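# Summary of structural features
These are the residues of each chain, in order.
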Amino acid sequence: MEPIGYIESCFRDKFGTPRQPGLVKKAWAQLKIRADLQPEESLQGLEGFSHVWLIWVFHQNKTARFHAKVHPPRLGGATMGLFATRSPHRPNPIGLSLVELIRVEKDGIVVAGADLVDGTPILDIKPYLPFVESLPEARSGWPAEVAQEPIRVEFTEHAAKLMADWQKRYPETALQEIIEETLKLDPRPVVYRGYEAGESPYRNEHAVRLFDGDIHFKFVGPNLVSVHDILFTHN
Ligand SMILES: C[S@@+](CC[C@H](N)C(=O)[O-])C[C@H]1O[C@@H](n2cnc3c(N)ncnc32)[C@H](O)[C@@H]1O
């Protein structure tokens, strides 16, 4: 299989990329399709759909070793059978994401809500068919049984000022909403969690790369994140 193109995504690293599509609703991504696939013709008719499936490759996986049981982050250390999860580490590292189709362009598409890292190879696009694929009565398995406390995000005065300047360069993008939704998902790996009230043996400051900004944050309470700095890579 050959990729039909490579996605450009606001999420520059695996760290911080949402663990499922639709969780950061306005997350921006754009796919330019290979010219030999004649995008002007092959995309014709897609504009009538509000959502599409992206089928893609977990190209940034570092290890190919097979594990029948995996540790989903929301289980806080417990294991689950690989095929009962959406883990990136699978015998065939293929990702499947339902995203909102914002617009069809001459040579590709713009989508929102993707959980893909910048540069991800895309194998296919298929329209989402709600009349067969929307199943409101479906059971959600173990994820439905895991309760998650809501997390609040605050910006220091310094970070808020940087945000305001940054926003001027991205007038059409809801930067603050994207950051808040991203951090509310608690991107930290499980080992870093649980030390918010006291001393941690691990680093307790982290950064998520979004567009050309490094968002520096720390958990200042179990359910409170403080964004305290934004560093830019454009200058
Ligand atoms: C849990 S997977 C789910 C992906 C997809 N919705 C699925 O179910 O197949 C989402 C995570 O994959 C990771 N990821 C995204 N793009 C990737 C890539 N190109 N290579 C490796 N990992 C990636 C990110 O850490 C993201 O949080």
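Let me begin by describing the structure that accompanies this report. Only a predicted model underlies this, so the values are computations on that prediction, with no experimental measurement involved. (Residues numbered from 1 in each chain as written. Predicted model: local features only at pLDDT ≥ 70, side-chain atom pairs only at ≥ 80, totals over all residues. Heavy atoms only, no water.)

What follows is about the layout of surface pockets. Within this model, the second largest pocket holds a volume of roughly 290 Å³. Contributing to the lining of the second largest pocket are 13 residues, with Trp-28, Arg-103, Val-110, Glu-172 and Thr-173 lying nearest its centre. Breaking the lining of the second largest pocket down by element, the ones donating at least two residues are strand E6 (94–105) and strand E7 (108–112). The dominant element in the lining of the second largest pocket, judged by the number of residues it contributes, is E7, at 3 residues. Residue composition of the lining of the second largest pocket, by class: 9 nonpolar, 1 polar and 3 charged. Both domain 1 (5–133) and domain 2 (147–232) contribute no fewer than three residues apiece to the lining of the second largest pocket. (1 Å grid on protein atoms, 1.4 Å probe; cavity = no way out; pocket = protein on both sides within 12 Å on 5 of 7 lines; lining within 4 Å. Points joined across faces, edges and corners; volume = space filled by probe spheres on them. Helix = DSSP H or I, 4+ residues; strand = E, 2+ residues; numbered from the N terminus. Nonpolar A, V, L, I, M, F, W, Y, C, P; charged D, E, K, R; others polar. Domains from an automatic or database assignment.)

Scanning the entire structure with this criterion turns up 13 salt bridges. Among the salt bridges present, the one from Asp-13 reaches Arg-209, with a minimum N-O distance of 2.9 Å. Of the two residues, Asp-13 is situated in the loop between strand E1 (5–9) and strand E2 (28–33) and Arg-209 in strand E10 (residues 205–210); the sequence distance between them amounts to 196 residues. Among the residues examined, Asp-13 registers a relative accessible area of 27% and is labelled partly exposed. Under the relative-accessibility criterion, Arg-209 is labelled partly exposed at 32%. (Salt bridge = Lys/Arg side-chain N within 4 Å of Asp/Glu carboxyl O. Buried < 20%, exposed > 50% of the residue type's maximum accessible area, 1.4 Å probe, protein only.)

Okay, empty space enclosed by the protein next. For the structure shown, the criterion picks out 1 cavity of 30 Å³ or more. Its boundaries defined by the atoms lining it, the largest cavity holds a volume of some 30 Å³. Ile-178, Ile-179, Thr-182, Leu-183, Val-208, Leu-210 and Ile-215 together form the lining of the largest cavity. Taken together, the elements giving at least two residues each to the lining of the largest cavity come down to helix H4 (175–184) and E10. Residue contributions to the lining of the largest cavity peak at 4 residues, all from H4. Of the residues in the lining of the largest cavity, the class split is 6 nonpolar, 1 polar and no charged.

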